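An overview of the molecular structure
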Amino acid sequence: MAFFGELTFEDLVLQYGERTIAGTRPLAPLAWSGTHWVPPRVYADTLDRWQERERTLAERARISTGCWAQGSRWGWRTVTP
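Residues numbered from 1 in each chain as written. Predicted model: local features only at pLDDT ≥ 70, side-chain atom pairs only at ≥ 80, totals over all residues. Heavy atoms only, no water.

**Topic: the overall build of the protein**
When helices and strands are counted, the protein shows two helices and four strands. Reading the helices (α) and strands (β) of the protein from amino to carboxyl end gives β-β-α-β-β-α. By residue count, 11% of the 81 residues in the protein fall in the buried class. Partitioning the intrachain contacts of the protein with sequence separation of at least 6 by distance along the chain shows that 18% fall at a separation of at least 24. Split by element, the accessible area of the protein, about 7000 Å² in all, is 58% carbon and sulfur. (Helix = DSSP H or I, 4+ residues; strand = E, 2+ residues; numbered from the N terminus. Buried < 20%, exposed > 50% of the residue type's maximum accessible area, 1.4 Å probe, protein only. Contact = heavy atoms within 4.5 Å. Areas by Shrake-Rupley, 256 points an atom, 1.4 Å probe, with all protein chains shown as cover.)

**Examining the pattern of salt bridges**
For the structure shown, the criterion picks out two salt bridges. Residues E52 and R55 are paired through a salt bridge, measuring 2.3 Å at the closest nitrogen-oxygen approach. Here the residue E52 and the residue R55 both occupy positions in helix α2 (residues 41–61), the gap between them amounting to three residues, near one helical turn. Assessed through its relative accessible area of 37%, R55 is described here as partly exposed. (Salt bridge = Lys/Arg side-chain N within 4 Å of Asp/Glu carboxyl O.)

**Side note on the environment of Y16**
Secondary-structure assignment places Y16 in helix α1 (residues 9–16). Separated by ten residues in the primary sequence, Y16 and P26 place their C-alpha atoms 9.5 Å from one another.

**With respect to the confidence of the model for the protein**
Per-residue confidence for the protein gives a mean pLDDT of 76; residues scoring 70 or more make up 79%. Looking at the elements of the protein, mean pLDDT is at its lowest for strand β1 (residues 3–4), recorded as 48, and at its highest for α2, recorded as 87. (pLDDT = per-residue confidence, 0-100.)

The structure is reproduced here in structure tokens:
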């Protein structure tokens, strides 16, 4: 059994098993490779697609509908004359 510091995988599942990422529970499908825990390829691809869609949506939200300029990632858009 692999350990995460002093935490066993079973303890990790008990502590974080109900947490979600992209609407899924990432701990359940993990498999032991012999050296470390890995998610199935399909699951990793799903998370990658979700991350890309989230990035695209955030970029679109930064575009002004008035002048079509793209605002700062961390700035808030405000109404200006």
